[in-house]
Amino acid sequence: MILYDIFRYGHGIFFVALQTALMFGFFLEWIRDRKAVRRSCDQTGGGEEINLSVIIPIHNESRRMGGLLDSLLLQDYPAEIIFVDDRSTDESPAMLAQFVSDAARRGMNNCRIITLKENPGVNRKQFALSRGISEARGDFLLFTDGDCEVPPGWIRAMAGRMTNPKTGAAIGPVFKKKQGRGFFQLYQCYDHAVRYNYLAGAIGLGAAGGGFGNNLILSRKALDAAGGYDAIPPSPTEDAALISQIRKGGEFQVRAIALPDAAVFTASEKTWRSFINQTLRWNNGGLFSPEALTRFNYNLLMLVISTGILAVPLLPFFPGLWPLPAGVFIVMLENTIGAFGLFRTKLPGGGLLTKLGYFFTLLFMPVYLTLMTLMGYCKINVEWKGDILS
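Since the model is a prediction, treat every value here as computed from it, not as a measurement.

Thresholds, definitions, all that
Residues numbered from 1 in each chain as written. Predicted model: local features only at pLDDT ≥ 70, side-chain atom pairs only at ≥ 80, totals over all residues. Heavy atoms only, no water. Axes fitted to C-alpha atoms, helices over the stretch in contact; angles between N-to-C directions. Helix = DSSP H or I, 4+ residues; strand = E, 2+ residues; numbered from the N terminus. Parallel < 35°, antiparallel > 145°, perpendicular 65-115°, else oblique. Left-handed = near helix turned anticlockwise from the far one by under 90°. Contact = heavy atoms within 4.5 Å. Nonpolar A, V, L, I, M, F, W, Y, C, P; charged D, E, K, R; others polar. Core = buried A, V, L, I, M, F, W, Y, C linked by side-chain atoms within 4.5 Å. Buried < 20%, exposed > 50% of the residue type's maximum accessible area, 1.4 Å probe, protein only. Expected span 1.5 Å × (residues − 1). Pairing = 2+ DSSP bridges.

## Regarding the packing of helix H11 (residues 323-343) against helix H12 (residues 352-377)
Turning to step 1, where the next piece is worked out: Their axes nearest at 9 Å, the elements H11 and H12 cross at an angle of 125°. As far as their axial angle goes, H12 and H11 are oblique. With respect to the hand of their crossing, H11 and H12 are arranged in right-handed fashion. Contacts between H11 and H12 involve Val328, Phe329, Met332, Leu333, Thr336 and Phe340 from the former and Tyr358, Leu362, Leu363, Met365 and Pro366 from the latter.
Turning to step 2, where the next piece is worked out: When grouped by side-chain class, the residues that make up the contact of H11 with H12 number 10 nonpolar, one polar and no charged.

## Observations regarding the nonpolar core
Turning to step 1, where the next piece is worked out: Core analysis: the biggest nonpolar cluster contains 103 residues, and Leu52 and Tyr196 have the highest contact counts within it.
Turning to step 2, where the next piece is worked out: With 12 residues, helix H6 (residues 183-204) is the largest single contributor of residues to this core.
Turning to step 3, where the next piece is worked out: Those residues in contact with Tyr196, other than ones at most four positions away along the chain, are Phe26, Ile171, Gly172, Pro173, Phe212, Ala256, Ile257 and Phe343.

## Some remarks on H6
Turning to step 1, where the next piece is worked out: Across its 22 residues, H6 extends 31 Å between first and last C-alpha, which sits within 8% of the 32 Å expected from 1.5 Å per residue.
Turning to step 2, where the next piece is worked out: In the segment just after H6, Gly206 is the residue with positive phi, at about 85°.

## As for the sheet that holds strand E8 (residues 216-219)
Turning to step 1, where the next piece is worked out: Taken in spatial order, the seven strands make up an open sheet running E3-E2-E1-E4-E8-E6-E9, and their pairing is mixed. Since the sheet does not close on itself, it has two edges, and those belong to strand E3 (111-116) and strand E9 (253-256), each with one partner. Going from strand to strand, the sheet's axes swing by 20° on average, the running direction of each strand aside.
Turning to step 2, where the next piece is worked out: Pairing geometry for strand E6 (residues 167-171) and E9, over four bridges, is parallel. The residue bridging Thr167 from the neighbouring strand is Gln253, located in E9.
Turning to step 3, where the next piece is worked out: The strands that helix H8 (residues 238-249) touches are E6, E8 and E9; relative to E8, the one it contacts most, it runs at about 35°.

Printed below as a string of structure tokens:
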């Protein structure tokens, strides 16, 4: 009986304490990020630029990259922009060529396209990024994806986070665009914001193990110290593997951006099937990460969430298990407060129906994560960019 009480109360107490620690980590990153912005203004006065290359892999993105190309034309930073066209068979090559021409007319003469005719990589995006990195001239490397849209001052904002020589990488927030009505679209926006909560909180506590590769800047020195990009093991989440490698080296720090000036928006998924496939890939990247600390931390988090949710159908038979799901939903409430506290302008607003929708997303997310965890442990394959990732 004593062990039973320890388990049921200890689970809830542990999870709430863990979440509170992560929120404290996010608060620490918020303080550090404000200092980084002030340091950037003090050191550069808004005038001096670092040598920076933007690298964007493209594979058949013609239907989704119009917003990215338009937003890149609004940038005010003299960066090199490299598109890696990875065997595209749609209108992407023509769109990229038009962008280079439009950029040159605006005085942006440092834009070019690398065209891949073959891609033998286990992770094809990883191979494309490797080519872009090898040909980039910048001392700092900034990444995004073809389905993203960036704010007008994005490059300058990301560059400003790298003025501290100890900073090897900085991860910026990414939010889903609400591209329709209903619970599905709202949930995607909420899901992405909460994932960034966990990411930034872990970074604040010194346990960086993941990142959004579509809003990531790193120094070439940090990449070289980690053994170079080709030293990153093949992974369905190559961005997380890269961040883990830099943190593990210990020479450089990984930082999370906690202010909205560098926030990027990415396209939402159109169907539950494609969304499940996407989140299963992300989840599997954490569950089976090649880096031990990341793998341990992520499995611990998912197991605690899953245990709380799987206790729900047992409550009619074992009502004393109530602290397990109660702890999970207290944690989700904390996540919601944290997400809106820092990034409410980036999340969909609205009236009573939207607020009610957020309540249901709060309840649904731990159930969804439990499903993804069970599917991951069952080794269900993930399809990505036409490839099957095991």
